[in-house]
Amino acid sequence: MKLLFPLAFLVVAPGFAQSIPAARDVPFAGAMTLTVDLARVTQGIFQVRQTIPVAGPGPLVLLYPEWKPGNHAPSGQIENLAGLKLSAGGRPLAWRRDPVNMFAFHVDVPAGVTAVDAEFQYLSPQKEGSDRRVFGPTMANLQWESLSLYPAGYNVHNIPVRATAIYPAGWTGWTALRGQAQGSTVTYDQVPYDILVDSPVYAGAHVKQVRLDPQVSFNLVADAPWQLAITPAQEAAHRKLIEQADKLFGTRHFDHYDFLVALSDYQSGDGLEHHRSSENTLDADLLTDWDANLYDRYVVAHEYVHSWNGKFRRPADLWTPDYRQPMQNSRLWVYEGQTQFWGDVLAARSGLWSKQAYLDFLAIVVARYAEGYAGVGWRSVQDTTNQPIVTGHGPGGAWPSWFRGADYYRNSELFWVEADATIRRLTGGKRSMDDFARLFFGVEPGAWDHEVTYRFEDVVAALNRVAPYDWAGFLRTRLDGTDPSMNLRTVEAAGYRLAWGEKPTESQRRLLAKQKTDDFTYSIGLALSKQGEVKDVVWNGPAFQAGLRPTEAIVSVNGQAYDAEALGRAITDAKRGAPIRLTVKGDDRFREVGIDYRGGLRYPRLEKIGTGEGALDRLLAAR
Ligand SMILES: [Zn+2]
């Protein structure tokens, strides 16, 4: 059987025999040109034309990027590519999709042909879903990897490309690329293909640029001009973010850095890191309703940290020569986990968050992994690093508290908080994770045009240079562990303990309002929309035991029409023995459900242990 199957497969699928050349570190003759025409972008249509030099006649494979940097997953949106036509010297060339790899197109190049022309359309999703909508009524997001093919057989860094964008009249495109504008057509300087892919564009009609320092700019594009009104205090906080990052890392690994910030209710939300820029699509009212958007202010800090952590220093198994070779995510607890850690710390040090906001948001994280997520008992943080590949970077399914999601972000953040406290304890307060950051991310000062990769041993060695300790054991115990109580100990080592109140803290209240969520996670184990639809049921919680599932709706509480206040009152009254009876609607059926719970309303917060400054207090103080 073992022999027969592949033979039979070859007979029915002869195309399988035509292989796709692996990427090699060899020079590429000539340069690709790429033109993206945005004439129909407000319909979500990006028109692409490309010229790809070829070495000679014979088989050629053109690839559409599959493994997207920063997504850590095979999330290339091949399903959005349409209208593909190939030609040479004006004559059509037949293409055939690889029978196994849907991202690969085979073409036979005739004799005498020196370049293949390609054209296709990238059709953006029309509304937010698992794929991002990359346009709004007055803006667009050009992600070059969605807008180009590249020839197989070369390291993508070896393929030069000259890109041109034809914008609608009156639009401005922000990007880390530099180029020449002629009217609304911008021709960008020739760069290696991987740098093009790492240099997306946010373009739009309503734009504003704020210079944060000579090298760093904050480039805004909004749905409407009044949304661009940035206050002096907001500017100052972002300037302080840049200053604090300089003090933390001691060097910059870029010649310039361009924040791309879209304020939009239409283009899908995003935070995506790049070496010399970042994509940050945030709510349209980010600046004009600054209080309501308290939580999301950390996003730009997080993405900025990635220039050092992830882009310049990269896990060895995440570095790939092209976008076809699978990435491996084993070090995402550094790449994302420590970026979450530093992004949140810098948000506090810069004033984007108050210290109290930091503590209130961290309380949610501690509560989630110490109590809320039963999945901590079966799935290690290390295993969650596979999550982007498991779900193709899309959202996970129902029951996140059991399945777990991309927990290598925030669960690892706790481990780095504990590592900081541990270093301070070991060195009598003389050293901290700041020393690790300077040592590990500050290597090769000023260098930016390449990546410096690392392995687990390198992380351990750098920690040992800061403070000798069993760091391999420290990390492995936590990353591979399945004991929820280890998460409580992270903040306790840093001078805070998890405590409970009957109301969300002010910062948490703002976050819940933004999420349009009423949260009963730590009482009856439910998160609900304002209309009473069940967003989440905590695995093994009281509502779970009563048989509820996500997408059902609570119609009434103890005979009264549902609202969050009525449910909150019922939960409080149940402490004295009153019932919690819910009418639940699911799949057009109604049923009565009794919730067996007497513990009252509970919301997490962090409470200081003892007096005087603890490790976390010192960590959060501006430098
Ligand atoms: Zn990140």
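Structural notes, computed from the coordinates.

Rules used throughout
- Residues numbered from 1 in each chain as written.
- Predicted model: local features only at pLDDT ≥ 70, side-chain atom pairs only at ≥ 80, totals over all residues.
- Heavy atoms only, no water.
- Donors = N, O, S within 2.8 Å, 3.2 Å for Na, K, Ca; no water.
- Buried < 20%, exposed > 50% of the residue type's maximum accessible area, 1.4 Å probe, protein only.
- Pairing = 2+ DSSP bridges.
- Helix = DSSP H or I, 4+ residues; strand = E, 2+ residues; numbered from the N terminus.
- Expected span 1.5 Å × (residues − 1).
- Axes fitted to C-alpha atoms, helices over the stretch in contact; angles between N-to-C directions.
- Parallel < 35°, antiparallel > 145°, perpendicular 65-115°, else oblique.
- Left-handed = near helix turned anticlockwise from the far one by under 90°.
- Contact = heavy atoms within 4.5 Å.
- Nonpolar A, V, L, I, M, F, W, Y, C, P; charged D, E, K, R; others polar.
- Salt bridge = Lys/Arg side-chain N within 4 Å of Asp/Glu carboxyl O.
- Polar contact = N/O pair within 3.5 Å; in protein donor to acceptor, adjacent residues only side chain to side chain.
- Phe/Tyr/Trp six-rings, centres within 6.5 Å; stacked < 30°, edge-to-face > 60°.
- Lys NZ or Arg CZ within 6 Å of the ring centre and 35° of its normal.

## Some remarks on the coordination of the zinc ion
Link 1 in the chain: The zinc ion binds to the protein through H302 (NE2), H306 (NE2) and E336 (OE); the donor distances cover 2.0 to 2.1 Å.
Link 2 in the chain: Binding-site remark: the zinc ion is held by donors from one chain whose sequence spacing is H-x3-H-x29-E. Neither H302 nor H306 differs from the other in exposure class; each is buried.

## Overview of the pairing of strand 21 (residues 270–273)
Each regular strand carries side chains that alternate between the two faces of the sheet.
Link 1 in the chain: Relative to strand 22 (residues 277–282), strand 21 is paired through 4 bridges, and the arrangement is antiparallel. Each residue of the ladder has a partner; that of L272, found in strand 22, is E279.
Link 2 in the chain: Hairpin connection from strand 21 to strand 22: 3 residues lie between these consecutive antiparallel strands.

## Details of the pairing of strand 8 (residues 115–123)
Link 1 in the chain: Pairing between strand 2 (residues 45–53) and strand 8: 9 bridges, direction antiparallel. Pairing of F46 across the sheet is with Y122, part of strand 8.
Link 2 in the chain: By the bridge criterion, 5 bridges tie strand 4 (residues 81–88) to strand 8 in an arrangement that is antiparallel. The residue of strand 8 that forms the bridge with K85 is E119.

## Notes on helix 6 (residues 337–350)
Link 1 in the chain: The terminal C-alpha atoms of helix 6 lie 20 Å apart, and with 14 residues this matches the ideal 20 Å at 1.5 Å per residue to within 8%.
Link 2 in the chain: Judged by how many residues are buried, helix 6 sits mostly within the fold: 14 of 14 residues are covered.
Link 3 in the chain: Two residues or fewer after helix 6 comes G351, characterised by a positive phi angle close to 90°.

## Structural notes on the packing of helix 11 (residues 410–426) against helix 14 (residues 471–480)
Link 1 in the chain: Taken N-terminus to C-terminus, the directions of helix 11 and helix 14 make an angle of 150°; their axes are 11 Å apart at the nearest point. Regarding the angle of helix 11 to helix 14, the classification is roughly antiparallel. When the axes of helix 11 and helix 14 are compared, the crossing they make is right-handed. Across the interface between the two elements, F415, W416, E418, A419, T422, I423 and L426 from helix 11 touch W471, F474, L475, R478 and L479 from helix 14.
Link 2 in the chain: Here the contact of helix 11 with helix 14 is built from residues that sort into 9 nonpolar, 1 polar and 2 charged.

## Some points on the pattern of salt bridges
Link 1 in the chain: With the rule as written, the count across this model stands at 36 salt bridges.
Link 2 in the chain: By sharing partners, the salt bridges in this structure join D291, E506, R509 and R510 into a single network.

## Points about the environment of Y522
Link 1 in the chain: The residue Y522 is located in the loop between strand 26 (517–520) and strand 27 (526–529) in this model.
Link 2 in the chain: We classify Y522 as buried; its relative accessible area is 9%.
Link 3 in the chain: Considered as a pair, Y522 and I595 are 73 residues apart in the sequence and their alpha carbons are 14 Å apart.
Link 4 in the chain: In this structure, Y522 is in contact with I364, A367, R368, E371, G372, W500, Y597, R602 and P604, ignoring residues within four places of it in sequence.
Link 5 in the chain: Within the local environment of Y522, its side chain forms a polar contact with the backbone nitrogen of R368, the two atoms lying 3.0 Å apart.

## Some points on the side chain of S330
Link 1 in the chain: Mapped onto the elements of the fold, S330 is located in the loop between strand 23 (313–315) and helix 5 (332–335).
Link 2 in the chain: Residues in contact with S330, not counting those within four places in the same chain, are D317, Q382 and T385.

## A few points about the sheet that holds strand 3 (residues 58–63)
Link 1 in the chain: On the basis of which strands lie adjacent, the open sheet formed by 4 strands has the order 6-7-3-11 and antiparallel pairing. On the outer flanks of this sheet lie strand 6 (95–97) and strand 11 (150–151), each paired with one strand and no other.

## Details of the packing of aromatic side chains
Link 1 in the chain: Overall, the coordinates contain 42 aromatic pairs when judged by the stated rule.
Link 2 in the chain: The interplanar angle of 75° and the centroid separation of 6.2 Å between the aromatic rings of W144 and Y188 together place this pair among those described as edge-to-face. Of this pair, W144 sits in the loop between strand 10 (139–142) and strand 11 while Y188 sits in strand 15 (residues 185–188), and the two are 44 residues apart along the sequence. For the pair W144 and Y188, a shared accessibility class is recorded, and that class is buried.
Link 3 in the chain: Arranged with centres 4.9 Å apart and planes meeting at 70°, the rings of F440 and Y454 form a pair that is edge-to-face. Of this pair, F440 sits in helix 12 (residues 433–441) while Y454 is found in strand 24 (residues 452–454), placing the two residues 14 residues apart along the sequence.
Link 4 in the chain: Stacked on the ring of Y373, the Lys or Arg R368 has its end atom at 5.8 Å from the ring centre.
Link 5 in the chain: Geometry around F474 places R478 over its ring, the cationic atom sitting 3.8 Å from the centre.

## Looking at the sheet that holds strand 32 (residues 589–594)
Link 1 in the chain: Spatially, 30-29-31-32 is the arrangement adopted by the 4 strands of the open sheet, whose pairing is antiparallel. Each of the sheet's edge strands pairs with one partner strand only, and the pair in question is strand 30 (560–561) and strand 32.
Link 2 in the chain: As defined by bridge partners, strand 29 (residues 553–557) adjoins strand 31 (residues 581–586) across 4 bridges and the pair is classed as antiparallel. Looking across to strand 31, one finds that V557 is bridged to L582.

## Some words on unusual backbone geometry
Link 1 in the chain: Positive phi is not limited to glycine here, since K516 has a value of about 50°.
Link 2 in the chain: On the secondary structure map, K516 appears in the loop between helix 16 (506–514) and strand 26.
Link 3 in the chain: Residue K516 is classed as exposed on the basis of its relative accessible area of 57%.
Link 4 in the chain: A positive phi angle, near 80°, is found at T551, a position not held by glycine.
Link 5 in the chain: Structurally, the position occupied by T551 is in the loop between helix 17 (542–545) and strand 29.

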